[in-house]
Amino acid sequence: MRNIFRPSEFRRPKDLHETSWILSSFEGRARVVAGGTELLVHKPLDVDCLVGLSKLDLDYIRNGRAGITIGAGTTLVKIEESEALSVEPYRILREATRLLATPTIRNTATIGGNICNASPAVDLPPALMVLDAKVIISGLEGTREIPIADFFEGVKKTVLSDDEFMVEVKIPAFPENTGASFQKLRHHQTSIDIAIVNAAARLSFAGDTVKEAKVAMGSVAATPIYSKKAEEILKGKILDVDIVKRAAEAASGEAKPIDDIRASAGYRKRMVTVLVERALEESARRCGK
Amino acid sequence: MLYINIKVNGKEYELGVKPYETLLETLRDKLGLTGTKLGCGDGECGACTVNLNGKAVLSCLTLVAQTDEKEILTIEGLQNGAELHPIQESFVENSAIQCGYCTPGLVMSAKALLEENGDPTDENVREKIANNLCRCTGYEQPVRAILEAAKKIRGENDR
């Protein structure tokens with residue numbers, strides 16, 4: 001085994017099928033590269049072939065009646081500046097992006113890279129989870145669509161098989177009276193500065209009643225997770241301070257963080273309560289509640 | 001070997017590159033453009049910042065193979081003969097340089113910012129140089145230099 005990052009090939013396939021064919025022919029030793037800002041920091045030793053996706057035209061944000069689709073190769077700077085993503089509840093994607101790494105990194109890093117690296121402290125997936133996003137995956141057998149929460153299997157592990165790669169993120173349309181929020185706790189705004197804890201929420205109201213609630217959090221388990229208990233507490237209720245507090249505490253109860261260099265597990269659990277509370281309050285405020 | 005065509009500081013090159021070669025390595029080792037610096041190699045310090053199609057990027061975290069058919073501007077491409085670019089001039093006038101190692105990166109971040117926004121606020125500038133670490137002067141002088149450079153460039157455009 002080599003002890004240095006030395007892939008022997010760099011391929012630039014022209015279509016989806018060719019991409020999967022190359023990926024499968026290297027049996028797990030090929031790696032898709034988009035911005036490269038994660039790859040070149042980690043310089044993995046087990047990669048023989050790099051596959052650049054620049055010829056696949058995966059750099060787009062489309063706004064349609066059914067919602068918004070974002071190509072996996074879309075740079076983060078395009079997301080933070082997107083007009084289509086400036087409205088409720090999509091704007092949390094812009095907000096989460098602006099809190100991620102630095103402007104210089106965001107000029108090259110992509111949404112697909114942010115998702116596929118499957119870091120437990122990743123920022124965009126919790127925001128995408130409360131927006132009910134699905135990811136489109138392409139492989140030798142064609143494409144498949146899965147909810148983003150099901151994409152992650154563990155730390156740095158995804159459902160992608162050797163021949164598969166992500167092509168698109170799909171976010172549905174939402175009814176009026178929907179508000180969302182993304183919250184992130186961290187030490188400093190530099191490129192190493194990943195979340196100690198992050199949380200996202202979305203509330204859809206019918207009159208004053210919560211019709212649908214979604215709460216997601218990151219950096220508190222091996223993958224970003226939903227808080228199902230918080231959602232149950234909120235659904236069908238007229239919000240008040242007490243219900244928001246109970247939902248936030250339920251989310252904290254479901255968090256299973258670890259102690260590490262950035263924070264202790266106990267601190268993370270307490271901060272989940274704070275961030276979820278803030279996210280719910282802001283979501284409600286954004287629908288005028 | 002992989003062949004790419006890139007334009008660097010207005011000059012076109014056809015180059016054979018390695019799959020793992022970074023833009024920084026190509027610029028320094030193949031083209032002799034040593035103004036762009038290797039600092040941390042991890043995307044933290046920003047000493048390697050160049051402009052790729054007008055945007056500030058970290059050349060140490062950019063595979064050169066990914067820059068095929070793109071345009072790159074480095075610190076060497078800023079000045080016009082012996083005449084400094086207004087950003088460089090402002091850095092000198094404001095003593096925004098001490099050891100000088102971070103300077104090319106800071107200047108290239110400033111260049112991309114001013115291309116996009118000719119009238120930035122203090123906060124805009126601080127945000128866009130967030131990926132450029134300076135361990136000598138701090139950031140007051142560079143921020144002042146960039147704001148003054150914006151004024152200079154706007155003045156030139158008025159004429």
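Everything that follows concerns the structure shown earlier in this document.
Residues numbered from 1 in each chain as written. Chains lettered and ligands numbered in written order. Predicted model: local features only at pLDDT ≥ 70, side-chain atom pairs only at ≥ 80, totals over all residues.

> Help me out: how do you make sense of the overall build of chain B in this one?
Scanning chain B from terminus to terminus reveals 5 helices and 5 strands. Taken from the N to the C terminus, the helices and strands of chain B come in the order β-β-α-β-β-β-α-α-α-α. A compact globule built from 159 residues should have a C-alpha radius of gyration of about 15 Å, and chain B, at 15 Å, falls within 12% of that. A principal-axis box enclosing the C-alpha atoms of chain B has dimensions of 45 × 35 × 25 Å. In chain B, which comprises 159 residues, the proportion classed as buried is 46%. (Helix = DSSP H or I, 4+ residues; strand = E, 2+ residues; numbered from the N terminus. Rg over C-alpha atoms; globule rule 2.2 N^0.38 Å. Buried ≥ 20, exposed ≤ 12 C-beta atoms within 10 Å, placed from the backbone.)

> Looking at this structure, how should I read the packing of helix H9 (residues 241–254) of chain A against helix H10 (residues 265–285) of chain A?
Angle between the axes and distance between the axes are the two parameters that describe a pair of packed helices. Residues and elements named next belong to chain A. The interhelical angle for the contact between H9 and H10, taken along N-to-C directions, is 140°, at an axis separation of 8 Å. Taken as axis vectors, H9 and H10 run oblique relative to one another. The handedness of the crossing between H9 and H10 is right-handed. Residues Val244, Lys245, Ala247, Ala248, Glu249, Ala251 and Ser252 of H9 touch H10, and the partners they reach there are Lys269, Val272, Thr273, Val276, Glu277, Leu280 and Glu281. Residue composition of the contact of H9 with H10, grouped by class: 7 nonpolar, 2 polar and 5 charged. (Axes fitted to C-alpha atoms, helices over the stretch in contact; angles between N-to-C directions. Parallel < 35°, antiparallel > 145°, perpendicular 65-115°, else oblique. Left-handed = near helix turned anticlockwise from the far one by under 90°. Contact = placed C-beta atoms within 7 Å. Nonpolar A, V, L, I, M, F, W, Y, C, P; charged D, E, K, R; others polar.)

> I tried to follow the sheet that holds strand S11 (residues 178–185) of chain A on my own but got confused; where do I start?
In sheet architecture, strand pairing relies on hydrogen bonds along the backbone and comes in two forms, parallel and antiparallel. Residue and element names in this part refer to chain A. Spatially, S11-S12-S13-S14 is the arrangement adopted by the 4 strands of the open sheet, whose pairing is antiparallel. This sheet does not close on itself; its edge strands, each paired only once, are S11 and strand S14 (225–226). Two strands pair when backbone bridges link them, and S11 and strand S12 (residues 197–206) are joined in this way by 8 bridges, in the antiparallel orientation. Looking across to S12, one finds that Gly179 is bridged to Leu203. Against the sheet, H10 engages S11, S12 and strand S13 (209–218), with an angle of about 30° to S12. (Pairing = 2+ DSSP bridges.)

> Honestly, the pairing of strand S6 (residues 134–139) of chain A in this entry has me stumped. Any pointers?
Each regular strand carries side chains that alternate between the two faces of the sheet. All names here are of chain A. Judged from the 6 bridges that link them, S6 and strand S7 (residues 142–147) form a sheet pairing that is antiparallel. Within the sheet, the bridge partner assigned to Ser138 lies in S7 and is Thr143. Counting the residues in the hairpin turn of S6 and S7 gives 2 residues. Direction of pairing for S6 relative to strand S10 (residues 165–172): antiparallel, over a ladder of 5 bridges. Each bridged residue has a counterpart across the sheet, and for Val135 the counterpart in S10 is Val169.

> Is there a simple way to think about the nonpolar core in this case?
Most often, soluble globular proteins keep nonpolar side chains buried together rather than apart. Within the largest apolar cluster, 130 residues are counted, with the highest numbers of intra-cluster contacts made by Ala200, Ala247 and Val276 of chain A. If one sorts the elements of this core by residue count, helix H3 (residues 103–116) of chain B sits on top with 7 residues. If we skip the residues at most four places from it in the chain, Val276 of chain A touches Ala199, Ala201, Val215, Met217, Ala230, Ala247, Ala248 and Ala251 of chain A. (Core = buried A, V, L, I, M, F, W, Y, C linked by C-beta atoms within 7 Å.)

> How do you make sense of helix H2 (residues 86–93) of chain B when you look at a structure like this?
In an α-helix there are 3.6 residues to a turn, and that puts residues three or four apart on one side. Residues of H2 of chain B that are buried: Pro86, Ile87, Gln88, Ser90 and Phe91 of chain B. Directly after H2 of chain B, the chain includes Ser95 of chain B, whose backbone phi takes a positive value near 50°.

> I'm lost on the environment of Phe26 of chain A in this one. Help?
Residue and element names in this part refer to chain A. Locating Phe26 in the fold gives a position in the loop between helix H1 (16–25) and strand S2 (30–33). When the 18 C-beta atoms within 10 Å are taken as the criterion, Phe26 is described as partly exposed. Sequence separation of Phe26 and Val77 is 51 residues, and the distance between their C-alpha atoms is 32 Å. Setting aside chain neighbours within four positions, we find Phe26 in contact with Asp48 and Cys49.

Function cannot be inferred from these measures alone, as they are strictly geometric.
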